[in-house]
Amino acid sequence: MTTFQTEPGAVPPPDAVHPRDSSPDTPTSVSRLNETIRDFVQKWGSVWVEGEITAWNLRGGHVFGRLKDAAGDGMLSFRMWSSTLQRTPDDLKIGDRVIACVKADYFTKTGDFTFTVSSMRHTGLGDQLERLERLRATLRAEGLFDPARKKPLPFLPHVIGLITGERSDAEKDVHRNAELRWPHVVFRTVYAAVQGDRCVPETLAALRTLDADPEVDVIIVARGGGDPQSLLGFSDERLVRAVAAASTPVVSAIGHENDHPLLDEVADLRASTPTDAAKRVVPDVSEQRALVQQLRSRARTRLTQRVSHDIAALAQLRSRPVLRDPESMLTGRAQEVVALSSRGRDVMRRRWDAAARTTAELRASLRALSPGATLDRGYAIAHLPGGAIVRDAAQAPVGTDVVVTVGRGSFAARSSGEVSEAGAEGPSPAN
């Protein structure tokens, strides 16, 4: 601080006048006032303050923002250097309720007053967020977040179970958007506290009631937006495990797009808002009607094309000569049958005649070679009583009875012995 020595009775310069000693005749200087304010502010040291972030501007790696009193209208400006920002949770944003360690800074050159933040975290969520992250890791390791275990939602649920706060905006949003999409949708609503100590037990009871109802096809758990502290009930381990064990598909519609309680991870479907849940659970009747009309039109077109094609094919078949005048085919075939029959008879007649001639020739040859024919020419065959043919005269000595076979019949004879060749000029008559 600048000081000056003055002569007795002289007016001191402004820098020499302390602000508390200033008067119209002896004013203090702006620099002296600012230095006094700075020295006073520096005595405060670090202060822990709670408030809501209303501005969050990132410039050059540093944050410049504002905090508003959670219950009043008070507001202060703050700055956070990049080194502090690196140690701060990444999910801080406008609207979050935080606790910050701040130190007042007063700039003597400009007269600006601000606070430098050395630490900042969500209100009351430091230890809780850490526990939630450990629980999240445990549940993920158990496979409760696995997409393969999630149940598909029915195309058109007959009854929708709804767990939400009584007379809440979330209930109105779900009903209004679902009924706009499908006017005949039916809800079975069980009210439960959506924050505070009653949130988990009442939500568990509502879940058990709706899951045990055989008419309920899908369950929506809906709540409007809020600060992370108010959404902690939907990250409770008991509720998360109950949703995972439910036999009915569960849709989580908690908070806004940026809110991610553990219920979102384990539910069969996560909706960003209650309105989004209604749109994803119930189909749009106008879209379905348009789809049905489109399918009917396609079916009609395909059927018309098929019938037209078959009619054309039938007409083409009927235009063929064989179907236009089927008797002509029979007439031509009848002529062919007559010609083939005639040819067959001629061939069979010729073959019959040839076979007859061959048979006659064979019969004549057989007759010529037959012993009977030889006998018919005057020859005879002599048989001994035992049936042996006499081939040698010595076989029939004198007195031997023989049977002589001629061209017609046989007769008995007795041998007179062998006849010499000189005296046998011809066949000797049998005795």
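Only a predicted model underlies this, so the values are computations on that prediction, with no experimental measurement involved.

Caption draft 1: Layout of the side chain of T88. Along the chain, T88 falls in the loop between α2 (82-85) and β4 (97-107). For T88, a relative accessible area of 6% corresponds to the buried category. Engagement of the side chain of T88 in a polar contact is seen with the backbone oxygen of T84, the distance being 2.8 Å. In contact with T88, not counting residues within four places along its chain, are M80 and M120.

Caption draft 2: Summary view of the environment of V186. Residue placement: V186 occurs in the loop between α4 (169-181) and β7 (187-191). Classification of V186 by relative accessible area gives partly exposed; the value is 37%. In sequence terms V186 and G161 are 25 residues apart; their C-alpha atoms lie 8.8 Å from each other. Excluding its chain neighbours within four sequence positions, the residues that come into contact with V186 are H158, V159 and I160.

Caption draft 3: Inspection of the UniProt feature "domain: OB-fold nucleic acid binding" (unreviewed entry) in the protein chain at higher detail. UniProt records the feature "domain: OB-fold nucleic acid binding" (unreviewed entry) for residues 29-121 in the present numbering. The span residues 29-121 is 18% helix and 52% strand, and its two end C-alpha atoms sit 41 Å from each other.

Caption draft 4: Inspection of α4 at higher detail. Under the 1.5 Å per step criterion, the end-to-end length of α4 is 18 Å for 13 residues, consistent within 8% with the ideal 18 Å. Within α4 the residues assigned to the buried category are A170, E171, V174, H175, N177, A178 and R181. Taken together, the buried residues of α4 touch β6 (160-164), β7, β8 (218-223), α8 (274-281) and α9 (285-318).

Caption draft 5: Broad picture of the sheet that holds β4. Taken in spatial order, the five strands of this closed barrel run β1-β2-β3-β5-β4, and their pairing is mixed. Averaged over all adjacent pairs, the angle separating strand axes in this sheet is 50°, with direction ignored. One ladder, built from seven bridges, connects strand β1 (residues 46-59) with strand β2 (residues 62-68); its direction is antiparallel. The residue bridging W56 from the neighbouring strand is G65, located in β2. Across the face of the sheet, helix α1 (residues 30-42) comes into contact with β4 and β5 (112-122) while running at roughly 145° to β4.

Caption draft 6: Up close: unusual backbone geometry. For R167, which is not glycine, the phi torsion reads 55° and is therefore positive. Note that R167 resides in the loop between β6 and α4. Looking at R167, the relative accessible area reads 67%, which means it is exposed.

Caption draft 7: Looking closely at the side chain of N177. For N177, the position within the fold is in helix α4. Classification of N177 by relative accessible area gives buried; the value is 14%. Non-local contacts of N177, meaning those with residues more than four positions away in its chain, are made with T275, A278 and K279.

Caption draft 8: Structural detail: the packing of aromatic side chains. By the definition in use, this model includes three aromatic pairs. A ring pair is formed by W56 and F78, whose centres lie 6.4 Å apart and whose planes are at 55°; its orientation type is tilted. Placement of W56 in strand β1 and of F78 in strand β3 (residues 75-80) is noted, with a sequence separation of 22 residues between them. When the ring of F113 is compared with that of F115, the centres are 5.1 Å apart and the planes differ by 85°; the resulting orientation is edge-to-face. Among the aromatic side chains, those forming a connected cluster through ring pairs are Y106, F113 and F115.

Caption draft 9: Structural view of the packing of helix α5 (residues 199-211) against helix α6 (residues 237-245). Interaxial distance between α5 and α6 falls to 10 Å at its minimum, and their mutual angle equals 10°. Judged by the inter-axis angle, α5 sits roughly parallel to α6. Residues V200, T203, L204 and L207 of α5 form the contact with α6, whose participating residues are R238, L239, A242 and V243. Its residues assigned to classes, the contact of α5 with α6 shows six nonpolar, one polar and one charged.

Caption draft 10: Representation of the nonpolar core within the structure. Counting 30 residues, the largest nonpolar core has I163 and V266 as its most contacted members. Those elements giving two or more residues to this core turn out to be α3 (126-141), α5, β8, α6, β9 (250-254) and α7 (262-266). Once you skip the residues sitting within four places of it in the chain, I163 turns out to touch V190, A192, T203, A206, L207, L210, I219, I220, V221 and A222. V174, I220, A271 and V285 belong to the second-largest nonpolar core, a separate cluster that totals 20 residues.

Caption draft 11: Examining the pairing of β8 more closely. Taken across its six residues, β8 has six buried, putting it largely inside the fold. Burial along β8 is two-sided: V218, I220 and A222 facing one way and I219, V221 and R223 facing the other are all buried. Bridge analysis of β6 against β8 gives four bridges, and the strand direction is parallel. The residue of β8 that forms the bridge with I160 is V218. Both β8 and β9 contribute to a ladder of five bridges, which runs parallel. Bridge assignment links R223 to a residue of β9, and that residue is I254.

Definitions and cut-offs
- Residues numbered from 1 in each chain as written.
- Predicted model: local features only at pLDDT ≥ 70, side-chain atom pairs only at ≥ 80, totals over all residues.
- Heavy atoms only, no water.
- Helix = DSSP H or I, 4+ residues; strand = E, 2+ residues; numbered from the N terminus.
- Buried < 20%, exposed > 50% of the residue type's maximum accessible area, 1.4 Å probe, protein only.
- Polar contact = N/O pair within 3.5 Å; in protein donor to acceptor, adjacent residues only side chain to side chain.
- Contact = heavy atoms within 4.5 Å.
- UniProt positions renumbered as here; feature names shortened; annotations may be inferred.
- Expected span 1.5 Å × (residues − 1).
- Pairing = 2+ DSSP bridges.
- Axes fitted to C-alpha atoms, helices over the stretch in contact; angles between N-to-C directions.
- Phe/Tyr/Trp six-rings, centres within 6.5 Å; stacked < 30°, edge-to-face > 60°.
- Parallel < 35°, antiparallel > 145°, perpendicular 65-115°, else oblique.
- Nonpolar A, V, L, I, M, F, W, Y, C, P; charged D, E, K, R; others polar.
- Core = buried A, V, L, I, M, F, W, Y, C linked by side-chain atoms within 4.5 Å.

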